[in-house]
Amino acid sequence: MADFTSSNSSAAVNAVNSGGGPGVHAKTLSGSAVIASVTGAGGANSTSVWGETAAGRSIVGVVRGEGTGLWGDVRTGRAIVGVARDPGANGVWGETTNGSGVVGKDNGGGDGVVGEGRRGVVGRSPDYQGVYGWSRANAGVVGESVEQYGLYGKGWSETGAGLFAYNENPAGCAARLQGRVEVLGGDIVLRGGDLILANADCAEDFDIADGELCEPGTVMVLTEDGALRASGGGYDPLVAGVISGAGDYRPGLIMDRPEPAAHRRPLALVGKVFCKVDADRHPVIVGDLLTTADRPGHAMKAVDRQRAFGAVLGKALRPLRSGQGLVPVLVALQ
C-alpha cells in the first residue's frame, strides 16, 4: 500500500512500496497518465519527476501505439538526465526493434545529441553502420580535434578500408581534402579512373648553392657538388631546369621533400612552368627551343643548334618580341 503526503516544502506526492509492486501505477485510456511540473523558480536542482531504484528500472515509459514513452521539456536546463555510477552501466539506454533507439533533434541553433567523456559518442553495430550521419544542406558527419585527428578510421580486413568515401553523382567528388595530407607508409593504389593534378609541373627539391637568391622562374644550372645555382652564361650544358612556382603555375607534384627547408627549392623537371626569358638579342615565338642566356637566371632562343645540343631546357609556349619577361615554357631537357 502506498503512503501519500503533501506539504509546501516537501514532495507533492511521496509513494513508497515496501513490497514488490510499483510505487506509483498510473494508467489512462487517453491523455496523460501522470503529469509532473515545477511551476516556480525552483532553481537548478528542482526536479519534476525523480526515479530511483536499487535494481531494475527507476522510470519506465511504455506506449503501445503511436506516441512518446518518455517526454522531457524544459525552457532552460536539462529535459532528461541519465546518470550511471558504475563501469559498464548506461546513463541512457535506447532500444528498438525496427525504429531508432535514440533520436536527438534540434529545431534551433543547438545540437541534437551531445556526448562527453572518454569517447563522446560511440556507435556499435554487428553487421551495419556503427554511426550514420545525414544532412540535406551541410556535412553529414563532422570531426574536429584540437590536438589529434579530426576524423579517424580504422579497418581490420584486407578487403575493407579504414576510411571510405563515395559520391552517388558520377560528376561529384568522393573526397575533398584541404591542407597538408600525409601518407604514413603503405601504397596509394588507383583502381580505375585517373590521377588528376590541377597544377602544372612535376618538380623535385634541390639544394641551392650558398648565397643564391633564386626566385621562381629562375633558370638553374648544376654545381660541382650537385646543388643548383642561377645560370650565368649562354648555352650552358649544365642546365637543370627552372625554379617552379612563377606566374599562375604551381607545381602539381614535388618529389624528394621530406620537410620544407630554406636552402632547397622545387625545380620543374616536366610540364609547364613560367620562366624568365631574355629576348633582347632574338625575338621568341611559340615553339622556339630555349637555352640559357648570358643574362643571369634567364633563358633565350637557341639559334645555334650545335651549341644548343645538351643545353636546351624547353619550348616557348608564348611569344616575347623583345626585352625580358616571364614566358610559359614546356620543360623538356635535351
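What counts, and where the lines are drawn
- Residues numbered from 1 in each chain as written.
- Predicted model: local features only at pLDDT ≥ 70, side-chain atom pairs only at ≥ 80, totals over all residues.
- Heavy atoms only, no water.
- Salt bridge = Lys/Arg side-chain N within 4 Å of Asp/Glu carboxyl O.
- Helix = DSSP H or I, 4+ residues; strand = E, 2+ residues; numbered from the N terminus.
- Buried < 20%, exposed > 50% of the residue type's maximum accessible area, 1.4 Å probe, protein only.
- Polar contact = N/O pair within 3.5 Å; in protein donor to acceptor, adjacent residues only side chain to side chain.
- pLDDT = per-residue confidence, 0-100.
- Core = buried A, V, L, I, M, F, W, Y, C linked by side-chain atoms within 4.5 Å.
- Contact = heavy atoms within 4.5 Å.

**A look at the pattern of salt bridges**
Pairing between side chains becomes possible if they bear opposite charge and their charged atoms approach one another.
Okay, so step 1: What the rule picks out here adds up to 8 salt bridges.
Okay, so step 2: With a shortest N-O distance of 3.5 Å, D288 and K301 are connected by a salt bridge. With a gap of 13 residues between them, D288 in the loop between β6 (264–278) and β7 (289–292) and K301 in strand β8 (residues 299–301) connect regions that are remote in the sequence.
Okay, so step 3: Note on K301: relative accessible area 23%, which makes it partly exposed.

**Looking at the side chain of T292**
Okay, so step 1: Inspection of the secondary structure assignment puts T292 in strand β7.
Okay, so step 2: Classification of T292 by relative accessible area gives buried; the value is 0%.
Okay, so step 3: One polar contact links the side chain of T292 to the main-chain carbonyl oxygen of G233, over a distance of 2.7 Å.

**Digging into the confidence of the model for the protein**
Okay, so step 1: When pLDDT is averaged along the protein, the result is 82, and 84% of the positions lie at 70 or above.
Okay, so step 2: Within the protein, the element-level pLDDT minimum falls on strand β5 (residues 251–255), averaging 90, and the maximum on β8, averaging 98.

**A look at the nonpolar core**
Okay, so step 1: In terms of nonpolar packing, the biggest core is built from 18 residues, with V219, C275, V277, V284, L290, A299 and L313 touching the most fellow members.
Okay, so step 2: For this core, the leading source of residues is β6, giving 4 residues.
Okay, so step 3: Those residues in contact with V277, other than ones at most four positions away along the chain, are V284, L290, H298, A299, L320, G323, Q324, G325 and V327.

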